[in-house]
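Structural overview
Here are the chains, one letter per residue:
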Amino acid sequence: MADLEMKRHFAAPPEKVFDFVTQTQHLSKWWGPEGIILAEHELDFSRPGPWMSIMKNSEGGIYKVTGEVLSVEHCKSVSFTWAWHDDDDKRGHESEVHFTVESDGKGGTDFTMLHRNLPDDDSAHNHESGWTSSLVKLERYAEQVAA
């Protein structure tokens, strides 16, 4: 098993960043790597329950991931399970994602994404690429909304 941790800093306050990473209207603006469109989704990390997203690339490739929101600590953290589906829509290995937001003490936010229990180092490397690209989109979105 492998874990992946990524950290980012946002000028926006923790309450705003928490909204960006939990609420449907915000998630739908940045979810998924660059060059991927969100074709279908049920993204709501503001409360426990199921979630799903179907992403599509420019060549028509489809990527479905589903999970369950496990816990939400308002303005602090959210945890959810994560599993990709194969071409036959069979759910694969389940891992777990944690988003944490903390005040930087200066009005901004320190954000941490921890993706745990990935099957192996190759999977962690692939997820690192996807999360890096997705977080770039989140950073851009947060700047636009804050402006």
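Residues numbered from 1 in each chain as written. Predicted model: local features only at pLDDT ≥ 70, side-chain atom pairs only at ≥ 80, totals over all residues. Heavy atoms only, no water.

1. Structural notes on the pattern of salt bridges
Following the criterion strictly, the structure yields five salt bridges and no others. A salt bridge links Arg-8 to Glu-139; the shortest N-O distance between them is 3.5 Å. Of this pair, Arg-8 sits in strand β1 (residues 2–10) while Glu-139 sits in helix α3 (residues 121–146), and the two are 131 residues apart along the sequence. Residue Glu-139 is classed as partly exposed on the basis of its relative accessible area, which comes to 24%. (Salt bridge = Lys/Arg side-chain N within 4 Å of Asp/Glu carboxyl O. Helix = DSSP H or I, 4+ residues; strand = E, 2+ residues; numbered from the N terminus. Buried < 20%, exposed > 50% of the residue type's maximum accessible area, 1.4 Å probe, protein only.)

2. Some words on the packing of aromatic side chains
How two aromatic rings sit relative to each other is given by the distance of their centres and the angle of their planes. All chains considered together, the criterion is met by 17 aromatic pairs. Relative to Tyr-141, the ring of Phe-20 has its centre 5.5 Å away and its plane inclined at 75°; by these criteria the two rings are edge-to-face. Here Phe-20, found in helix α1 (residues 14–22), pairs with Tyr-141, found in helix α3; they are 121 residues apart in sequence, far enough to count as distant. Ring geometry for Trp-31 and Trp-131: centres 5.8 Å apart, planes at 90°, overall edge-to-face. Linking Trp-31 in the loop between α2 (24–30) and β2 (37–42) with Trp-131 in helix α3, this pair joins segments that are 100 residues apart in sequence. According to the relative accessible area criterion, Trp-131 is buried, its value standing at 4%. Connected via pairs of aromatic rings, a cluster forms that spans Phe-10, Trp-30, Trp-31, Phe-45, Trp-51, Phe-80, Trp-82, Trp-84, Phe-99, Phe-111 and Trp-131. (Phe/Tyr/Trp six-rings, centres within 6.5 Å; stacked < 30°, edge-to-face > 60°.)

3. So, the sheet that holds strand β3 (residues 49–56)
One key point about sheets: their strands pair by backbone hydrogen bonds, in either a parallel or an antiparallel sense. One open sheet holds the seven strands; their spatial order is β1-β7-β6-β5-β4-β3-β2, and the pairing between them is antiparallel. One side of each edge strand has no neighbouring strand; the edge strands of this open sheet are β1 and β2. With direction set aside, neighbouring strand axes in the sheet form an average angle of 20°. Relative to strand β6 (residues 95–103), strand β5 (residues 77–84) runs antiparallel, the two sharing six bridges. Within β6, the residue paired with Val-78 across the bridge is Phe-99. Here α1 sits on the sheet in contact with β1, β4 (62–73), β5, β6 and β7 (109–118), set at roughly 160° to β6. On top of the sheet, α3 reaches β1, β5, β6 and β7; it is set at about 15° to β1, its chief contact. (Pairing = 2+ DSSP bridges. Axes fitted to C-alpha atoms, helices over the stretch in contact; angles between N-to-C directions. Contact = heavy atoms within 4.5 Å.)

4. Considerations on the layout of surface pockets
The space that makes up the largest pocket amounts to roughly 300 Å³. Contributing to the lining of the largest pocket are 15 residues, with Pro-33, Met-55, Trp-82, Trp-84 and Gly-130 lying nearest its centre. Sort the elements by how many residues they give to the lining of the largest pocket and α3 lands first, with six residues. (1 Å grid on protein atoms, 1.4 Å probe; cavity = no way out; pocket = protein on both sides within 12 Å on 5 of 7 lines; lining within 4 Å. Points joined across faces, edges and corners; volume = space filled by probe spheres on them.)

5. A few points about the environment of Ile-37
Residue placement: Ile-37 occurs in strand β2. For Ile-37 and Asn-57, which are 20 residues apart along the polypeptide, the C-alpha to C-alpha distance reads 6.5 Å. Setting aside anything within four residues of it in sequence, one finds Ile-37 in contact with Ile-54, Met-55 and Lys-56.

6. Considering the nonpolar core
The biggest cluster of nonpolar side chains holds 34 residues, and the ones touching the most others in it are Trp-31, Phe-45, Trp-51, Phe-80, Phe-99, Phe-111 and Trp-131. For this core, the leading source of residues is α3, giving six residues. (Core = buried A, V, L, I, M, F, W, Y, C linked by side-chain atoms within 4.5 Å.)

7. Focus: the pairing of β7
By the bridge criterion, eight bridges tie β1 to β7 in an arrangement that is antiparallel. In the sheet register, Glu-5 faces β7, and the bridge partner there is Leu-114. Across eight bridges, the pairing between β6 and β7 is antiparallel. Bridging from a neighbouring strand, Val-97 pairs with His-115 of β7.

By themselves, these figures tell us nothing about what the structure is for.
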